[in-house]
2 protein chains.
Amino acid sequence: MSSYSPKRALFDSFAEVAKALSHGSRLEILEQLAQGERSVEGLADRTGLSVANASQHLRLMQRAALLASRREGKHVLYRLSDPSVLHLVAALRKVAESKHAAARDVIGGYFRERDALEAVSREELAARIKAGIVTVLDVRPEDEYATGHLPRAINIPLRELSRRLRKLPKRREIVAYCRGPYCVLAFEAVAFLRERGWKVRRLEDGFPEWKAAGLPVVERVDG
Amino acid sequence: MSSYSPKRALFDSFAEVAKALSHGSRLEILEQLAQGERSVEGLADRTGLSVANASQHLRLMQRAALLASRREGKHVLYRLSDPSVLHLVAALRKVAESKHAAARDVIGGYFRERDALEAVSREELAARIKAGIVTVLDVRPEDEYATGHLPRAINIPLRELSRRLRKLPKRREIVAYCRGPYCVLAFEAVAFLRERGWKVRRLEDGFPEWKAAGLPVVERVDG
DNA sequence: GTTACATTCAATAATTCTATAGAATGATCT
DNA sequence: AGATCATTCTATAGAATTATTGAATGTAAC
């Protein structure tokens, strides 16, 4: 009809990007990288993949231009190549969420209390942080907190929460956050603290989305 | 670290959506469906696929919730399940465009005059149509025009343009459009008409994006 | 230079995806 | 009811993807 080969080449190159997203492990890696730079070994640990396998997935995504890498000492650190990658993953999530039965089942099962634990918007939290009327709680692991976190956020990884409860004020409102919309850490922290009488809500989405929205962050500034 | 199986099931279901996008033919089908409903045979014709193969691609995308279908007489008509699918494809395009070398090469080669033929924004065109100070030219095939088009647009398929030049005013500005950002029809129409002295520009993107932006359209209203 | 170590490469087997051809389904029309 | 036609299903062969293993590469530390 209109044209044949150049157009098809274009669609094929788009398809290559989509293919780079079309594996659960790679999406899991992308969620990790949305937090910040990671080494191959670090990603392999967190995702449960072998180092060689993680390396292959990473290289594939790098070829598809989703990732970039740099060397630091012995380690090769990967990162998202561009904020547009985060937008792409978000768009993917939205389609799957609104329509996909399997996703619905999982969300309905695992995140059943989601609506009950209503979320605070980024804008609202930003205003409250500025006004100093809220305690921000980062429940991610320490190293993720170290690479970047919300201003004035205190870090208590979920598994240490019960041991370090005394650090949390009972009067002030607490807002907990973690990696992103499907990170369970913040959900569990909110449920745990509410049971024990704290006044606590959850930030919508997580750290990467906050950063992508151009809101202020505290970041590690090494080379 | 955080959780294992439910989270992984979630990522796997996202991956299924991405996989549905990960084939050039399927993206080509999606571009067609962005124009409006299409039968299996119609899509097979336009994409050069066999009917059976097109049917398989369609079913795969339907399972991944990208498409919906309905029966009308002898034909099964497929459509995009949701506007979010269009956003997803746009996000995919953006990542590929900004970063992917292959896409760049093709764009650089085939659309080399892109910048020279500067585009009119949707908003600007909408205002001009309302004010009645522009001629809108739809260069898609007749059947695509018939299923939906911009208000007051006249339809002259590209291949008939040279025969029907007298229908076009020389004084008024003309804005041409077609399917979307990678549809070549409008580019070629603009180049053709400019050479012959018309004052003509191209609409950014195409009909699906116009419609998705909530701007007014004329649509066929059969059952 | 040699060693240690993180990462990548190469080869492989198992699995999954793709396109084709022909049969089966399901709806319309006479 | 039977004929016709669009679509989907089934089976299959070829191609591509995935995870694993062990070797190779390249950098840093000694």
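Residues numbered from 1 in each chain as written. Chains lettered and ligands numbered in written order. Predicted model: local features only at pLDDT ≥ 70, side-chain atom pairs only at ≥ 80, totals over all residues. Heavy atoms only, no water.

What is the right way to read the overall build of chain A from this model?
Each helix and strand counted, chain A has 10 helices and 10 strands in total. Burial statistics for chain A: of 223 residues in total, 54% are counted as buried. The contacts in chain A between residues at least 6 apart in sequence include a share of 63% that link residues at least 24 apart. Entry remark: accessible area of chain A is about 10400 Å², with carbon and sulfur atoms responsible for 50%. (Helix = DSSP H or I, 4+ residues; strand = E, 2+ residues; numbered from the N terminus. Buried < 20%, exposed > 50% of the residue type's maximum accessible area, 1.4 Å probe, protein only. Contact = heavy atoms within 4.5 Å. Areas by Shrake-Rupley, 256 points an atom, 1.4 Å probe, with all protein chains shown as cover.)

How do you make sense of the sheet that holds strand 3 (residues 75-80) of chain A when you look at a structure like this?
As a general point, the strands of a sheet are linked pairwise by backbone hydrogen bonds and lie either parallel or antiparallel. All names here are of chain A. If you walk across this open sheet you meet the 3 strands as 1-3-2, and the pairing is antiparallel. Every other strand in the sheet has two partners, leaving strand 1 (38-39) and strand 2 (67-72) as the edge strands with one partner each. Sheet topology note: the strand 1/strand 3 ladder contains 2 bridges and is antiparallel. Paired with arginine 38 across the two strands is tyrosine 78, which belongs to strand 3. The strands touched by helix 4 (residues 51-63) are strand 2 and strand 3; relative to strand 2, the strand with the most contacts, the crossing angle is about 120°. (Pairing = 2+ DSSP bridges. Axes fitted to C-alpha atoms, helices over the stretch in contact; angles between N-to-C directions.)

Quick question: what am I supposed to make of the protein's contact with DNA strand C here?
Around DNA strand C, 22 residues are found, and the nearest of them are Glu41, Ser55, Arg59 and Tyr78 of chain A together with His57 of chain B. In the model, a phosphate oxygen of DNA strand C is placed 3.5 Å from a nitrogen or oxygen of the histidine 23 of chain B side chain. Glutamine 56 of chain B is positioned with one of its side-chain polar atoms (N or O) 3.4 Å from a base nitrogen of DNA strand C. At the level of secondary structure, the elements contributing two or more residues to the surface near DNA strand C comprise helix 3 (40-47), helix 4 and strand 3 of chain A together with helix 4 (51-63) of chain B. Ranked by the residues each element gives to the surface near DNA strand C, the list is headed by helix 4 of chain A, at 5 residues. Of the residues in the surface near DNA strand C, the class split is 6 nonpolar, 10 polar and 6 charged. (Near = heavy atom within 4 Å. Polar contact = N/O pair within 3.5 Å; in protein donor to acceptor, adjacent residues only side chain to side chain. Nonpolar A, V, L, I, M, F, W, Y, C, P; charged D, E, K, R; others polar.)

How do you make sense of the packing of helix 2 (residues 24-35) of chain B against helix 4 of chain B when you look at a structure like this?
Relative placement of two packed helices is described by the angle separating their axes and the distance separating the axes. All names here are of chain B. At a minimum axis separation of 10 Å, helix 2 and helix 4 run at an interaxial angle of 75°. As far as their axial angle goes, helix 4 and helix 2 are roughly perpendicular. Contacts from Ser25, Arg26, Ile29, Leu30 and Leu33 of helix 2 reach helix 4 at His57, Leu58, Leu60 and Met61. When grouped by side-chain class, the residues that make up the contact of helix 2 with helix 4 number 6 nonpolar, 2 polar and 1 charged. (Parallel < 35°, antiparallel > 145°, perpendicular 65-115°, else oblique.)

Sorry, what's going on with the protein's contact with DNA strand D here?
Taken together, 22 residues form the shell around DNA strand D, and within it His57 of chain A together with Glu41, Ser55, Arg59 and Tyr78 of chain B come nearest. Restricting the count to atoms of DNA strand D within 4 Å of the protein gives a sugar and phosphate share of 84%. Valine 40 of chain B has a polar backbone atom sitting 3.2 Å from a phosphate oxygen of DNA strand D. At 2.8 Å from a phosphate oxygen of DNA strand D is found a side-chain nitrogen or oxygen belonging to serine 55 of chain B. Where the surface near DNA strand D is concerned, the elements lending two or more residues are helix 4 of chain A together with helix 3 (40-47), helix 4 and strand 3 (75-80) of chain B. Looking at the surface near DNA strand D, its residues break down into 7 nonpolar, 9 polar and 6 charged.

How do you make sense of the packing of aromatic side chains when you look at a structure like this?
Both the distance between ring centres and the angle between the ring planes are used here to describe each pair of aromatic rings. Residue and element names in this part refer to chain A. On inspection of all chains with the given rule, the structure shows 2 aromatic pairs over all chains. Ring geometry for phenylalanine 11 versus phenylalanine 14: centroids 6.4 Å apart, planes at 85°, classification edge-to-face. Taken together, the residues span about one helical turn, with phenylalanine 11 and phenylalanine 14 both in helix 1 (residues 5-20) at a distance of 3 residues. According to the relative accessible area criterion, phenylalanine 11 is buried, its value standing at 7%. Phenylalanine 14 gets classed as buried once you look at its relative accessible area, which sits at 4%. Taking the ring centre of tryptophan 198 as reference, the NZ or CZ of lysine 170 above it sits at 4.3 Å. Sitting above the plane of the phenylalanine 192 ring, arginine 196 keeps its charged end 3.6 Å from the centroid. (Phe/Tyr/Trp six-rings, centres within 6.5 Å; stacked < 30°, edge-to-face > 60°. Lys NZ or Arg CZ within 6 Å of the ring centre and 35° of its normal.)

How should I be thinking about the packing of helix 2 of chain B against helix 3 of chain B in this particular structure?
Residues and elements named next belong to chain B. Running from N to C, helix 2 and helix 3 cross one another at 120°; their axes reach a closest spacing of 10 Å. By the angle class used here, helix 2 and helix 3 are oblique. The chirality of how helix 2 crosses helix 3 is right-handed. For the pair formed by helix 2 and helix 3, the contact residues are Glu28, Ile29, Gln32 and Leu33 on the first element and Leu43, Arg46 and Thr47 on the second. Split into classes, the residues belonging to the contact of helix 2 with helix 3 amount to 3 nonpolar, 2 polar and 2 charged. (Left-handed = near helix turned anticlockwise from the far one by under 90°.)

I tried to follow the sheet that holds strand 4 (residues 119-120) of chain A on my own but got confused; where do I start?
Residues and elements named next belong to chain A. Strand order across the open sheet formed by 5 strands is 4-9-8-5-7, with parallel pairing between neighbours. One side of each edge strand has no neighbouring strand; the edge strands of this open sheet are strand 4 and strand 7 (154-155). Where strand 5 (residues 134-138) meets strand 7, 2 bridges bridge the pair, whose relative direction is parallel. Bridge pairing in strand 7 places aspartate 138 opposite asparagine 155. Along the sheet, helix 7 (residues 122-131) contacts strand 4, strand 5, strand 8 (173-177) and strand 9 (200-203); its crossing angle with strand 5, the most-contacted strand, is approximately 120°.

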